[in-house]
Amino acid sequence: MHPAMSQPATDPPPWSVVHGEVLQALDVRPADGLGANEVATRRERFGPNILAEFHATSWLTILWRQLRSFVVYLLIAGAALSFALGDHLEGFAILAVIGINTLIGFITELRAVRSTEALRQLGSTETTVRRAGVAQRVPAEDLVPGDIVLFEGGDVVTADVRLVAASRVQSNESLLTGESVPVEKATDVLPAETVIAERENMLFKGTAITKGSAEGVVVSTGMETELGKITALVQTAPDKKTPLEERIDALGKIMGWLCIGLVTIIGILGALSGKEPSEVIKTAIALAVATVPEGLPIVATLALARGVLRMARRNALVEQLSAVETLGSTSVILTDKTGTLTENRMTVTGAVVPGTSAADPTSVDVPLRGEQAETDDDVSRLLVASALCSDASIGVDDEGREVQVGDPMEVALLVAAREIGLDLQEIIAAEPRLSEEAFDPDIKMMATFHRDGDATRVIVKGAPEAVFRACSSVRTTEGRQTLDEATLAVWREENHRVASDGLRMLAIADRSDRESNDDPYCDLTLLGLVALSDPPRSDVVQAIEQSHRAGVDVIMVTGDQAPTAEHIAASVGLIPDADKGNAVTGADLQAMLDGGEEGAVKLRDTRVYARTDPEQKLRLIQFFRGEGETVAMIGDGVNDAPALRQSDIGVAMGKRGTQVAREAADMVLQDDRFATIVVAIRQGRIIFRNIRSFVFYLLSCNLSEIITVGLASAVNAPLPILPMQILFLNLVTDVFPALALGVGESGPFIMEHPPRSKSEALLTRRHWARLVGYGLVMSAAVLAGLAIAMLVFDMEVKRAVTVSFLILAGAQLGHVFNMVSPRSGFFFNEVTRNPWIWAAIILCVALLVAAVYVPILSEVLGTVEPGKEGWMLVLTLSLAPVLVGQSLRAIGQIRRKHGRQVALEHGETA
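Asker: Explain the overall build of the chain here, please?
Answerer: Per the secondary structure count, the chain includes 33 helices and 26 strands. Scored against the burial criterion, the 910 residues of the chain give a buried share of 54%. For the chain, restricting intrachain contacts to residue pairs at least 6 apart in sequence, the fraction spanning at least 24 positions comes to 72%. Of the accessible surface of the chain, which amounts to about 38,500 Å², a share of 56% is contributed by carbon and sulfur atoms.

As structure tokens, this is what we get:
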């Protein structure tokens, strides 16, 4: 890519000076534009108008990530020792394990980082410029600072532009600022500190012109545009590990150091006791294989993959497997407003009509309800006029689906008219349009002229205050009445009262018997007011309630205005009505972030942040993460991409979200429903609980193998279980029950407790204590079986080792029934109701039988037929862990029940 030079000086910034000074600084005349030679010179100086190249992560880097693990290093060391001792079968078996784990990890993480590539696609278009006095279309990448650009409705803005002339221009900047409706543009000078969302005299790269025409001068191109700055934030936002990845890494290190410690101790003891070095090394390999939970990566990956399938069925598409669990630990959700909490469509919710008296306006619902039916004529008259004074349309495509085109507000007016029974086609046919005065942001009104019989009817729509000033009368059911100062005061008060609910107000007026070329904005007759809202999604209130019950804080972070944001926040239960007026704006947020502990307290208590820019969103995420929170960020626009990457979980909208947001996110909501996030949180909690269960199960099984080998070595007994047998158990008979645990369902109370702490380990001290206990019980059963087989039944070593191997396998299979919550029933619980558990047990029993009776497998594993006495020992001692576990659980339930009874009696006595 061409190395772009610095852009022209922007101090003062272009929006803060008259456009003549900007033109002079850029040495260009609007009527002529730049010449061909000057364009070439500036392109050489400033570079092409494209966003910076982004290099996706290579497949070699992804492959190295799979091998960059303490557990893998230990397995490689074990394989090397096996080869050194001449035991090639064991060496190749261990390398096969490494290969399987690496392949699975490589496939699941092969995802290129495409955020910036998607951002660049926004600039792949053509633009109309005036060069050498001639208007022409040029590729967007050829624009240079100083180019005179011409815009019409529907054009995409391909550079940052200071407006020189604007005729009723509106720009859709929702992808950049989060605004839910098109932004009115003008050429007036603005203060230098004006934030992006309020720079009305600027057009920004990546946005689109929805109405009007404009002419402007390019002031920034490429990476110097606001879109380019966001691209830089996406590139520089560092990659992060999810909490689950961090926990599994920590667990692997713990097991690794445990392995090193045990091998060292065994080596010292072996040397002191005079054992052969080869025997000591063989014992060390057995310990290493026993210590490393080979099945953990496979089970974790596949369990997470099944979680992804579950989420997908519920319209939550997860791109990073390990991100599934992270959402379940989320304690803070930062969400945009438009299209996330709201429908992203304006809806007419009410009207203010004059009734029988101009001085007594009446507020009604739309559609009308009950006793309001008497105002039907007034509301119909009002909505007929609003439908006529509109550039939107509602039609049907070739497949019979409804298609709505136009400004969301105007579409809402058409929908409201239709909902009260008006036929839009008949309305338009009855009063065909003659001409139009497009919306003028300076006077905040628009007008349309219609043929009404032999007369011409002009209909005006706009901001209430502007329309009020153009009216001289009010149309009541009793006829036209004068709009005097007293009556006007009443209407202003009613307008303020309704607007205070966060609704957008429009006034509608008309006039007849005038020529279509007369000034439309005088001597009008007021028909009434229309109240519109961008309604919250119907299921958002319940979803937020569920989030709060689960201990998850929901915080709105939007580029919209504070009053609108607070109204939506209150309507969905995010804040109480009493908290309105406490929203923090982007300017205040910056001061709070730099305000020490006092600012931090305010930040923790605030639930609505308005007028925020992308960098402020990033800093807000960094603040909450620094407070120990697990942060989920929900967004859909270009402006959300850096924050989506930096959060613990980035959640993008699938329907209306930009490609940039979807590529930057960890999860995409295909139905755009906030409620889907709550479902995802529940699934995330279930998945973490399942992961904790199978990790506990796998490690307790591994620990039983470690204790068994370690104690046998310490007393100079034969190894009760051989390295290949350990590998067989870890990869086969352990993995299948663990997989079944990984796909289990949860109880009904998973969303009735707060999220776990971000610093909470995958296994807590309580879990480790129980894990050691179960490991000791299983080891005791195995060693007892070995001793009985050799001393009581006088079995040779190979047969006795086969018996101890089968006892350990059976004990581990029975141990799966200990993986239930303390309050679950003994016979009917989440484990016994899981059909995959029973399938796993049947499969593993079949594999164990094959390990003894299939010649090739028995030769590899070193097993022989155990005989009747051997099978009796296996069936008896294998039940030890499940009997001990269920007995301890029964005692615990009795104690808890007794404790509740004592507490109840205490309360009654008190």
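Asker: Whenever I open this one, the sheet that holds strand 9 (residues 332–335) confuses me. Can you help?
Answerer: Two pairing modes exist for strands in a sheet, parallel and antiparallel, and in both the strands are linked by backbone hydrogen bonds. In space, the eight strands of this open sheet follow the order 8-26-25-24-9-21-23-22, with mixed pairing throughout. Each of the sheet's edge strands pairs with one partner strand only, and the pair in question is strand 8 (316–318) and strand 22 (584–585). Where strand 8 and strand 26 (residues 667–669) come together, three bridges link them in antiparallel fashion. Bridging across to strand 26, L317 finds its partner in V668. Where helix 25 (residues 674–714) meets the sheet, it contacts strand 8, strand 9, strand 21 (553–557), strand 24 (631–635), strand 25 (649–653) and strand 26, and its direction lies at approximately 160° from that of strand 9.

Asker: How should the pattern of salt bridges be read in this particular structure?
Answerer: When charged atoms on two side chains of opposite charge get close, those side chains can pair. On inspection of all chains with the given rule, the structure shows 24 salt bridges. Between E38 and R42 there is a salt bridge whose closest N-O contact spans 2.6 Å. Residue E38 and its partner R42 are both found in helix 2 (residues 36–46); the two are separated by four residues, about one turn of the helix. In this structure R42 comes out as buried when scored by relative accessible area, which is 8%. Here E173 ties to K185 by a salt bridge, and the two come within 2.6 Å at their closest N and O atoms. With E173 in the loop between strand 4 (160–172) and helix 7 (174–177) and K185 in the loop between strand 5 (183–184) and strand 6 (202–203), the pair connects residues that are 12 residues apart, well separated along the chain. Look at K185 and you get buried, because its relative accessible area is 1%. Each of the salt bridges in this network shares a partner with another, and the network as a whole consists of E431, R457, R475 and D510.

Asker: I keep staring at the packing of helix 18 (residues 540–549) against helix 25 and nothing clicks. Help me out?
Answerer: Between two packed helices, the angle of one axis relative to the other and the distance separating the axes together describe the packing. Their axes nearest at 8 Å, the elements helix 18 and helix 25 cross at an angle of 30°. Considering their axes alone, helix 18 and helix 25 lie roughly parallel with respect to each other. Viewed along their axes, helix 18 and helix 25 form a crossing whose handedness is left-handed. For the pair formed by helix 18 and helix 25, the contact residues are V540, A543, I544, Q546 and S547 on the first element and F674, A675 and V678 on the second. Within the contact of helix 18 with helix 25, the residues separate by chemical class into six nonpolar, two polar and no charged.

Asker: Explanation requested: the pairing of strand 10 (residues 347–353) in the structure shown.
Answerer: If a strand is regular, its side chains alternate between the two faces of the sheet. With respect to burial, strand 10 is a largely interior element, five of its seven residues being buried. In this sheet, strand 20 (residues 524–533) lies alongside strand 10 in antiparallel orientation, the contact comprising five bridges. Within strand 20, the residue paired with T347 across the bridge is S533. Bridging between strand 10 and strand 11 (residues 362–365) involves four bridges; their strand directions are antiparallel. In the strand pairing of strand 11, A351 is matched with V364.

Asker: I would appreciate a short explanation of the nonpolar core in the present structure.
Answerer: Note that soluble globular proteins tend to have their nonpolar side chains buried in a common cluster. Counting 76 residues, the largest nonpolar core has M667 and F674 as its most contacted members. The leading source of residues in this core is helix 25, at 20 residues. Residue contacts for M667: discarding those within four places in its chain leaves M311, A316, L317, V318, L327, G650, V651, A652 and A680. Within the second largest apolar cluster, 37 residues are counted, among which are F728, I807, L808 and L861.

Asker: Quick question: what am I supposed to make of a nonpolar patch on the surface here?
Answerer: On the surface, a nonpolar cluster with roughly 340 Å² of combined accessible area is contributed by L89, V854, I856 and V860. By secondary structure assignment, the location of I856 is in helix 31 (residues 855–861). You can call I856 exposed: its relative accessible area is 67%.

Asker: Got a minute to help me understand the packing of aromatic side chains in this structure?
Answerer: Two aromatic rings, taken as a pair, are described by how far apart their centres are and by the angle between their planes. Tallying each qualifying case throughout the model produces five aromatic pairs. For the pair F623 and F624, a centre-to-centre distance of 5.2 Å together with 70° between the ring planes defines the contact as edge-to-face. Relative accessible area serves as the criterion here: at 14%, F623 is assigned to the buried category. One residue, R199, lies across the ring of W15, its end atom 3.8 Å from the ring centre. Over the ring of F688 we find R756, and its NZ or CZ is 3.3 Å from the ring centre.

Asker: Looking at this model, I keep getting lost on the environment of G33. Mind explaining?
Answerer: Among the secondary structure elements, G33 is positioned in the loop between helix 1 (19–25) and helix 2. Measuring from C-alpha to C-alpha, the distance between G33 and D147 comes to 6.2 Å, with 114 residues separating the pair along the chain. Dropping the residues within four chain positions of it, G33 is found in contact with V28, R130, A132 and I148.

Asker: Looking at this structure, I do not really get unusual backbone geometry. What am I missing?
Answerer: Negative phi is the rule for most residues except glycine; trans is the rule for most peptide bonds. The backbone of A132 shows a phi angle near 55°, a positive value even though the residue is not glycine. In this fold, A132 is placed in the loop between strand 1 (126–131) and strand 2 (134–139). For A132, a relative accessible area of 59% corresponds to the exposed category. Residues other than glycine seldom take positive phi values, yet N315 does so here, at roughly 70°. The residue N315 is located in the loop between helix 11 (295–313) and strand 8 in this model.

Asker: Sorry if this is basic, but what is going on with helix 26 (residues 723–733) here?
Answerer: Since the α-helix advances by 3.6 residues per turn, residues separated by three or four positions end up pointing in the same direction. In terms of residue burial, helix 26 counts as a mostly covered element, since 10 of its 11 residues are buried. Three or more residues of helix 26 are buried, namely P723, M724, Q725, I726, L727, F728, L729, N730, V732 and T733.

Asker: What is the right way to look at the side chain of R162 in this model?
Answerer: Looking at the element boundaries, R162 is found in strand 4. No salt bridge forms around the buried R162; measuring N to O, its nearest opposite-charge neighbour D188 is 7.8 Å away. In this structure the side chain of R162 is engaged in a polar contact, spanning 2.7 Å, whose partner is the backbone oxygen of V17.

Thresholds, definitions, all that
- Residues numbered from 1 in each chain as written.
- Predicted model: local features only at pLDDT ≥ 70, side-chain atom pairs only at ≥ 80, totals over all residues.
- Heavy atoms only, no water.
- Helix = DSSP H or I, 4+ residues; strand = E, 2+ residues; numbered from the N terminus.
- Buried < 20%, exposed > 50% of the residue type's maximum accessible area, 1.4 Å probe, protein only.
- Contact = heavy atoms within 4.5 Å.
- Areas by Shrake-Rupley, 256 points an atom, 1.4 Å probe, with all protein chains shown as cover.
- Pairing = 2+ DSSP bridges.
- Axes fitted to C-alpha atoms, helices over the stretch in contact; angles between N-to-C directions.
- Salt bridge = Lys/Arg side-chain N within 4 Å of Asp/Glu carboxyl O.
- Parallel < 35°, antiparallel > 145°, perpendicular 65-115°, else oblique.
- Left-handed = near helix turned anticlockwise from the far one by under 90°.
- Nonpolar A, V, L, I, M, F, W, Y, C, P; charged D, E, K, R; others polar.
- Core = buried A, V, L, I, M, F, W, Y, C linked by side-chain atoms within 4.5 Å.
- Patch = residues over 30% accessible without salt bridge, like charges linked within 9 Å, V, L, I, M, F, W, Y side chains within 5 Å.
- Phe/Tyr/Trp six-rings, centres within 6.5 Å; stacked < 30°, edge-to-face > 60°.
- Lys NZ or Arg CZ within 6 Å of the ring centre and 35° of its normal.
- Lys, Arg positive; Asp, Glu negative; His and termini not counted.
- Polar contact = N/O pair within 3.5 Å; in protein donor to acceptor, adjacent residues only side chain to side chain.

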